[in-house]
Amino acid sequence: MTQIFKKGAAQRIDKSKDAQLTQHDLYRTPKNIDAAHLNSEFWSIYEQTGQQFKRTLWIVVRKTFIPAGVYQLFALTAQISIPMCVMKLLQALESGRSGDVNNIVYVIAIFLLAIINGVCTQRYQFLSYQSGILLRTALTCAIYEKSLNLSPKGRMGLTNGSITNLVATDTQKLFEVMHEAHQIWSCPVAIVVVVVLMLIIIGPSCLVGAAFLVGLVPLSKKVTHHMVNIRKKRVAVADDRIQIISAMLQDIKITKLNNYEDRFEARVLEARRREMAFIRKEQALWGCTLIIVVSTPVIASFATYATFVLVSSENM
């Protein structure tokens, strides 16, 4: 039990002020992900790079993002190597060489590769999430600081809704990108390696499954593009809704004195209704994307093995 849980449990007995949990009982945030530290580091790098925004983001996250890619490479290598060791072990057992010393080597290799795969995968996820946290924290602080220091002329056309969406939505999307960014190179590498290995093992039949995978890329791209367009419309509606709420709260005295509550409520509900319509469409397309992601490997495997069996009766 940690110190926080111990003190929290003791509060049921000791009701004194000294027994209450305070902010000093919380674990201190590591300095490298502290908001104030990241904010100063972001602006320092931003000035050093000549106000190049993309390069600044890369410098902020590269200390954790690059090691995450290395761990992803090790995990991918282990994932591909395990089936090869299993295949060699099965071939040795089927040929009657059950007492061969190499079989023990294959078993130990499978065990070690499974451990390497698990450790590297978890480490990759941890570093990827850490990269996302660094990016989201630095950008959130930078957006707030920039918006507070803008002149009246600089605030022209900038609404509270747009700032809120930048902090709540855009930074979260960058956080999610950090977790999935290494899939850009690891997925094609895995597909190419697996196709080459299957081409060696089962022959040209595997090209049917590979063609199916490649053929679904334009469909996935079209669905994703449509989903992005819907998201842009949803964000615009969300900006309007937040702007209406902000205007009502800023002039709450006028709202109360003139009995404008019902009008503001109607406007907010109408904006929320339009926003929910876009959310339903976006989630429906997201569901279609998940169906494609889940079903594609199954269908590709089925097509590969079905072709392998049908091309020759000896493959039965």
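In this text, all values refer to a predicted model and were calculated from it rather than measured experimentally.

## Details of the overall build of the chain
Then, in step 1: In terms of helices and strands, the chain carries ten helices and zero strands.
Then, in step 2: Counted from the first residue to the last, the chain has its helices and strands arranged as α-α-α-α-α-α-α-α-α-α.
Then, in step 3: Taking 20 Å as the expected radius of gyration for a compact globule of 316 residues, we find that the chain reaches 28 Å, considerably beyond that expectation.
Then, in step 4: Counting only C-alpha atoms and orienting by the principal axes, one finds that the chain spans roughly 90 × 50 × 50 Å.

## As for the pattern of salt bridges
Then, in step 1: One pass over the structure, following the stated rule, counts eight salt bridges.
Then, in step 2: Put simply, Glu282 and Arg234 hold a salt bridge, and the shortest N to O gap is 2.8 Å. On the criterion of sequence distance, the pair formed by Glu282 in helix α10 (residues 261–310) and Arg234 in helix α8 (residues 217–250) is long-range, its members being 48 residues apart.
Then, in step 3: When salt bridges with common partners are traced through the structure, they connect Arg231, Arg234 and Glu282 into a single cluster.

## Concerning the packing of aromatic side chains
Then, in step 1: By the definition in use, this model includes six aromatic pairs.
Then, in step 2: On the basis of an interplanar angle of 10° and a centroid distance of 6.1 Å, the ring pair of Phe42 and Tyr46 is categorised as stacked. Pair noted here: Phe42 and Tyr46 are both in helix α2 (residues 35–48), with a separation of four residues, about one helical turn.
Then, in step 3: Here Phe42 falls in the buried class, since its relative accessible area comes to 3%.
Then, in step 4: Judged by relative accessible area, Tyr46 falls into the buried class, the value being 18%.
Then, in step 5: Taken together, Phe42, Trp43, Tyr46 and Phe53 form an aromatic cluster joined through their ring pairs.
Then, in step 6: Sitting over the ring of Phe175, Arg136 keeps its end group 4.4 Å from the ring centre.

## As for unusual backbone geometry
Then, in step 1: The backbone of Gln51 sits at a positive phi, close to 60°, despite the residue not being glycine.
Then, in step 2: Looking at the element boundaries, Gln51 is found in the loop between α2 and α3 (53–94).
Then, in step 3: By relative accessible area, which is 48% here, Gln51 ends up partly exposed.
Then, in step 4: Within the chain, Asn259 stands out as a residue other than glycine whose phi angle is a positive 60°.
Then, in step 5: Assignment of secondary structure puts Asn259 in the loop between α9 (252–257) and α10.

Cut-offs used in this document
- Residues numbered from 1 in each chain as written.
- Predicted model: local features only at pLDDT ≥ 70, side-chain atom pairs only at ≥ 80, totals over all residues.
- Heavy atoms only, no water.
- Helix = DSSP H or I, 4+ residues; strand = E, 2+ residues; numbered from the N terminus.
- Rg over C-alpha atoms; globule rule 2.2 N^0.38 Å.
- Salt bridge = Lys/Arg side-chain N within 4 Å of Asp/Glu carboxyl O.
- Phe/Tyr/Trp six-rings, centres within 6.5 Å; stacked < 30°, edge-to-face > 60°.
- Buried < 20%, exposed > 50% of the residue type's maximum accessible area, 1.4 Å probe, protein only.
- Lys NZ or Arg CZ within 6 Å of the ring centre and 35° of its normal.

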